[in-house]
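The lines below spell out each chain.
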Amino acid sequence: MYDFEYSKPSTLADAVNALVSDGDAKALAGGMTFIPVLKQRLNKPSAIVDLSGLDLSGIKLEADKLVIGAMTPHGTVAMSPDVKKSIPALADLAGNIGDRQVRYRGTIGGSLANNDPSACYPSAVLALGATIKTDQREISAEDFFQGMFTTSLNPGELITEVHFPIAERAAYMKFANPASRYAMVGVFVAKTKSGVRVAVTGAGQNGVFRHKEFEDALNKSFTAAALDGIKTSADILNGDIHGSAEYRAHLIGVMAKRAVTAASA
Amino acid sequence: MVVDGIGVSVRRKEDLRFLSGRGNYVDDINRPGQVYAHFLRSDQPHGKINSINMAEAAKMPGVIAIFTGEDFSQVGGIPCGWQIHSKDGSPMVEPRHPVLAHGKVRHVGDPIALVVAATKQQAKDAAEAIVLDIESLPAVASLGAALAPGAPLVHDEAAGNICFDWQIGDAAAVAAGFAKAHKIVKLDLVNNRLIANAMEPRAAIGEYDVSSGEYTLYTTSQNPHVIRLLMGAFVLQIPEHKLRVVAPDVGGGFGSKIFHYAEEAALTWAAARVKRPIKWTADRSEAFVTDAHGRDHVSVAELALDADGKFLALKVKTQANMGAYLSTFAPSVPTYLSATLLAGVYATPAIHAEVTAVFTNTVPVDAYRGAGRPEATFLLERIVDLAARELNMDRVEIRRKNFIPKDAFPYQTPIALQYDSGDYDATFDAALAASDYAGFEARRKQSAAKGKLRGIGISTYVEACGIAPSAVAGALGARAGLYEVANIRVHPTGSVTVFTGAHSHGQGHETTFAQLVSEQLGVPHDQVDIVHGDTSKIPFGMGTYGSRSLAVGGSAMVKAMDKIITKGKKIAAHLLEADVHDIEFKDGKFSVVGTDRAKAFAEIALTAYVPHNYPIEELEPGLEETAFYDPKNFTYPGGCHIAEVEIDPDTGVVSLLRFTAVDDIGRVINPMIVEGQVQGGIAQGIGQALLEHAIYDKSGQLLSGSMMDYTMPRADNIPNILVGTETTLCTHNPLGSKGVGEVGAIGSPPAVINAVVDALRDFNVSHIDMPATADKIWAIIEANRPKMAAE
């Protein structure tokens, strides 16, 4: 690592101020992505602002939505009775991120702010139509994701909570990269108040995206069979040593069907 | 007290310190006044070094010295320990391998500068401030690219990028066999490039004592004496008595820690220049581009058979990637450690093999668990399966028909090796039974009912290890002897210390070697101490690799203990006032035959060191003996591995459901450790077959440069492995042991791939190269789907 100044503010205002006043300062959530980046000297922040003193961890189940604090670790979401009761697909997703050590520290806020194109959470947020609450405003899922590693957050703007509307049915199916175990293809299917939404992570060149053809078919019939014969274009998908774009296109269909089947169970 | 001898699953003594974080690894060692090293490495595969500007770097905080290839131009290059000659008799091309890159960089990871500073951080900061002017040159990363006409040269002196062009066997006999063949089966195959990834990355501390003039190198090595010899004699010209090499606890090697690496020489030399101990620990990213890689062969094989499916002749042509420089054992791996195994368990009468070794702009390639034998076994077991398929013969029957029968031993193969003992039907039958091979068809139908494709694959293998008879090895090009040594020191109170040239880096020698002493001398296991790894403490030994520690090192111990017993009998005869020929040693006691008059081992020991009532005219005091054991032959473990897989046709994912291994490793010392060795080797074999692949792009960049992209096997990739043994003893060493360290990695890959090909029997697939990844399998299924529909 390079040298940096470290602080752990206890108020949101102090944290925002530390980030806004120094353009080279960076926020630290769980550190499960950021610490390896620092160790490999891929980033040289002047200062690190540790968000763990801001009391942003916690889960609240309200009448029609689930509110998850930005600093809530994946393991907490995975084991939460409230999450399992209201959106069990979210608990499954969180429970399959990384490994146990990662799940003790990695956070939903950190994952969303980073918007790694292989991360799982973006697909849940986009498919469930969640709202991201920051210290400044509320951002809809549609407006939040701007391409890989890019979000609509302003410099120094911090996510405080994520509000998930409770879906009628939902499931997440992840095809893991055999080496990294990140999502090579991750499909989150949700039957929401405004219809079926299907969000795909892992495969797209621009990060998470909604699959319109699948949504149209599932709106007509929420069955795996409804997706038969619908091909996903490989044009916007990644190809690498782990699989071609065509293979990922195929996997999207397979994972989507499995998610629909699981959601219908 | 319990005497834990041969055949007992004694719990490992090493485990207490390893499992409680109290191991003593190189990185745990801190020398007074030590400073730290960081190596600046090339990020280009091939380039001309125009200049290295260290002006800014040298001024940075904490920097003590910066060295480059220019500083090492007066010392020797890193030597190769095995010389191969080409067909025309000319010796292999052996380009200089400078300690630090000089003139050119030849692979991503090639070290350019050594920065020494007060802290690791400071060394890294300074390295980043070094300004390099490296003119990019076209690179060749693959065998195909390197051998293409007009390809850029990795070394000017190696025309066509060829290091050597070697052969073995009888081409005329093979031609005659092919001429009368009923069927010729041909197969192109690749043995995929691998990275060992031992849990502990490499580390080293170089130190120089100004008052004694002695150098000390602490290093993560499998063979400290070999490092002392190579580095002292060939690189730095330090006399042996002034150079001490210590390999303490080492966290796994699998071959990658055999070789003398540039960092060792650089740090040892630099320590004398800066007069401070210098410590270096690789990080994982560094390990990926600097530890020797493994395998990387491309072969064409042809097998000639008669109408009954008997093998008449085998012809093999292999291209082997050496990487950018010759690593210590590299030339021997595809030649004498591989081509000589092409008879396998079969009585094929005529065999001819050719090997072309090639330089590329990649990390040097050398031995990795199995070292040449997995390559030979994979080739053989794949072509045998293919032959069965093309002749419409059963895969079990074609093998059995061609086995070397158990009454044919010692069996002289047509390619140099003479197997001493083996019973291939025994391991075969045991594995077929244990794996419930007969019940497979029913299981296949059950899988099919669930929409899955199930396959079963067999591999029958023999390998050559227990390296090696010195004269034979020397005649074949080895530049060192390959005996092993044991110094057995009995202490006055009867406890024993064994000083061995073998090295334990996961094998459990502290436990198993002590079992040998318990067995032969009757000394309780907890009173036996095994010392290894420090050249100042142990006589000259050759280290641990090639599954040699028990077969060669253990045999040396037996010989030394024989001498102890011989001397003990003389002492006992004196004490018991009997003739030495009437003394027998049994159950830890020296007794007069036919009487109950006896002396315990401990009493004899004490007498040896307090020689009051003692035959002092004929016998010196003390009870300590040394034996150097040079094996008469290699040893030949063999066996049968059977894998059962299930493929999900929707995703192409191959799940390994069952794995059965029955191996004949000669006499078993510790069954628990044998099981662990076999399981570990199989895990690495499964890794090779389904997951691992070190991939370079055309330009010479390593695409699989971290754990994010290099797929190591995890626990959920490995099923419960059934391990069994059958035993035919090694006939030429006193233990009868054949070695077990590598059999798992040798026998397993073809079993897995044979199972995958079997699972895809309806998809027009005759061969799949490793790793059989999901995307590869899916593409095969996709490509053959229209064919399926048409049928």
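Quick note: structure is the one above.
Presented here is a report on the structure given in the accompanying data block. (Residues numbered from 1 in each chain as written. Chains lettered and ligands numbered in written order. Predicted model: local features only at pLDDT ≥ 70, side-chain atom pairs only at ≥ 80, totals over all residues. Heavy atoms only, no water.)

**A closer look at the overall build of chain B**
- Helices and strands together make up the secondary structure of chain B, namely 20 helices and 30 strands.
- Taken over C-alpha atoms, the radius of gyration comes to 28 Å for chain B, in line with the 28 Å a tight globule of 791 residues would show.
- Dimensions along the principal axes, computed over C-alpha positions, put chain B at roughly 95 × 75 × 50 Å.
- Counting the 791 residues in chain B, one finds 62% classified as buried.
- Carbon and sulfur atoms make up 52% of the accessible area of chain B, which amounts to about 27900 Å² in all. (Helix = DSSP H or I, 4+ residues; strand = E, 2+ residues; numbered from the N terminus. Rg over C-alpha atoms; globule rule 2.2 N^0.38 Å. Buried < 20%, exposed > 50% of the residue type's maximum accessible area, 1.4 Å probe, protein only. Areas by Shrake-Rupley, 256 points an atom, 1.4 Å probe, with all protein chains shown as cover.)

**Quick word on the interface of chain B and chain A**
- Contacts between the two partners involve 23 residues from chain B and, on the opposite side, 22 residues from chain A.
- The contact between chain B and chain A buries some 1800 Å² in all, and 48% of this surface belongs to carbon and sulfur atoms.
- The largest share of the area that chain B buries against chain A comes from Met708(B), Asp775(B) and Trp778(B), three residues that together contribute 27% of it.
- Where chain B meets chain A, there are five salt bridges.
- The salt bridge partner of Arg181(A) is Asp716(B), with a shortest N-O separation of 2.9 Å.
- The tally of links between chain B and chain A comes to 14 residue pairs in polar contact (both at pLDDT 80 or more).
- Elements represented by at least two residues in the side of chain B that touches chain A include exactly α3 (120-128) and α19 (774-783) of chain B.
- Per-element accounting of the side of chain B that touches chain A gives the leading share, four residues, to α3(B). (Contact = heavy atoms within 4.5 Å. Buried area = accessible area lost by both parts, 1.4 Å probe. Salt bridge = Lys/Arg side-chain N within 4 Å of Asp/Glu carboxyl O. Polar contact = N/O pair within 3.5 Å; in protein donor to acceptor, adjacent residues only side chain to side chain.)

**Comments concerning the sheet that holds strand β30 (residues 721-725) of chain B**
Residue and element names in this part refer to chain B.
- The sheet built from four strands is open, its strands ordered β20-β28-β29-β30 with mixed pairing. Two strands close off the open sheet at either side, each with one partner strand: β20 (453-462) and β30. Averaged over all adjacent pairs, the angle separating strand axes in this sheet is 10°, with direction ignored.
- Here β20 runs beside strand β28 (residues 638-647); their pairing, made up of ten bridges, is antiparallel. Each residue of the ladder has a partner; that of isoleucine 456, found in β28, is glutamate 644. (Pairing = 2+ DSSP bridges. Axes fitted to C-alpha atoms, helices over the stretch in contact; angles between N-to-C directions.)

**Quick look at the sheet that holds strand β15 (residues 297-305) of chain B**
Residue and element names in this part refer to chain B.
- With respect to topology, five strands assemble into an open sheet ordered β7-β17-β16-β15-β8, the strand pairing being mixed. Both edges of this open sheet fall to β7 (162-169) and β8 (183-191), since each of them pairs with a single strand only. This sheet shows a mean twist of 10° between the axes of neighbouring strands, independent of strand direction.
- Bridge count for β8 against β15 is nine bridges, and the pairing is antiparallel. Across the sheet, residue leucine 187 finds its bridge partner in β15, namely alanine 301.

**Things to note about the layout of surface pockets**
- Size it by volume and the second largest pocket reaches roughly 480 Å³.
- What lines the second largest pocket is a set of 21 residues, and nearest its centre among them are Ile230(A), Lys231(A), Ala249(A), His250(A) and Gly253(A).
- Among the elements of the structure, α11 (245-264) of chain A together with α19 of chain B are those that each provide at least two residues to the lining of the second largest pocket.
- Considering each element in turn, the lining of the second largest pocket owes the most residues, eight residues, to α11(A).
- Per-class residue counts for the lining of the second largest pocket are eight nonpolar, five polar and eight charged. (1 Å grid on protein atoms, 1.4 Å probe; cavity = no way out; pocket = protein on both sides within 12 Å on 5 of 7 lines; lining within 4 Å. Points joined across faces, edges and corners; volume = space filled by probe spheres on them. Nonpolar A, V, L, I, M, F, W, Y, C, P; charged D, E, K, R; others polar.)

**Some points on a nonpolar patch on the surface**
- Taken together, the side chains of Leu606(B), Tyr609(B) and Val610(B) define a hydrophobic patch exposed on the protein surface, amounting to about 230 Å² of accessible area.
- Assignment of secondary structure puts Leu606(B) in helix α16 (residues 601-609). (Patch = residues over 30% accessible without salt bridge, like charges linked within 9 Å, V, L, I, M, F, W, Y side chains within 5 Å.)

**Thoughts on the pattern of salt bridges**
Residue and element names in this part refer to chain B.
- Applying the stated criterion across every chain, the model contains 55 salt bridges over all chains.
- In this structure, aspartate 385 engages arginine 395 in a salt bridge whose closest nitrogen and oxygen atoms are separated by 3.7 Å. Of the two residues, aspartate 385 sits in helix α9 (residues 373-391) while arginine 395 sits in helix α10 (residues 395-402), which places them ten residues apart along the sequence.
- Since its relative accessible area comes to 15%, arginine 395 is described here as buried.
- Through salt bridges with shared partners, a single network forms among Glu381, Asp385, Arg395, Arg399, Asp758 and Arg761.

**Brief notes about the packing of α9(B) against helix α18 (residues 743-759) of chain B**
Residue and element names in this part refer to chain B.
- Two numbers describe how α9 lies on α18: the axes approach to 8 Å, and their chain directions differ by 30°. Relative to α18, α9 is oriented roughly parallel. As α9 packs across α18, the resulting crossing turns out to be right-handed. For the pair α9 and α18, the contacting residues are Arg373, Pro374, Thr377, Phe378, Glu381, Arg382, Asp385 and Arg389 in the first and Ala745, Ile746, Pro749, Pro750, Ile753, Asn754 and Val757 in the second.
- Here the contact of α9 with α18 is built from residues that sort into eight nonpolar, two polar and five charged. (Parallel < 35°, antiparallel > 145°, perpendicular 65-115°, else oblique. Left-handed = near helix turned anticlockwise from the far one by under 90°.)

**Digging into the nonpolar core**
Residues and elements named next belong to chain B.
- In terms of nonpolar packing, the biggest core is built from 130 residues, with Tyr419, Val756 and Leu760 touching the most fellow members.
- With ten residues, α9 is the largest single contributor of residues to this core.
- Ignoring sequence-local partners within four residues, the contact set of valine 756 consists of Val645, Ile647, Val654, Leu690, Ile768, Ala772 and Ile777.
- Formed by 43 residues, the second largest nonpolar core is a distinct cluster that contains Leu516, Ile530, Ala551 and Ala573. (Core = buried A, V, L, I, M, F, W, Y, C linked by side-chain atoms within 4.5 Å.)

**Here we look at empty space enclosed by the protein**
All names here are of chain B.
- The final tally for this structure, using the stated rule, is six cavities of 30 Å³ or more.
- As a volume, the largest cavity reaches approximately 210 Å³.
- For the lining of the largest cavity, the class distribution of residues is eleven nonpolar, seven polar and three charged.
- Of the volumes computed, that of the second largest cavity is approximately 130 Å³.
- Lining the second largest cavity are 18 residues, with His297, Ser299, Thr318, Glu375 and Leu379 positioned closest to its centre.
- The set of elements that each furnish at least two residues to the lining of the second largest cavity consists of β8, β15, β16 (311-323), β17 (350-359) and α9.
- Among the elements that take part in the lining of the second largest cavity, α9 stands out by supplying four residues, more than any other.
- For the lining of the second largest cavity, the per-class residue count stands at eleven nonpolar, five polar and two charged.

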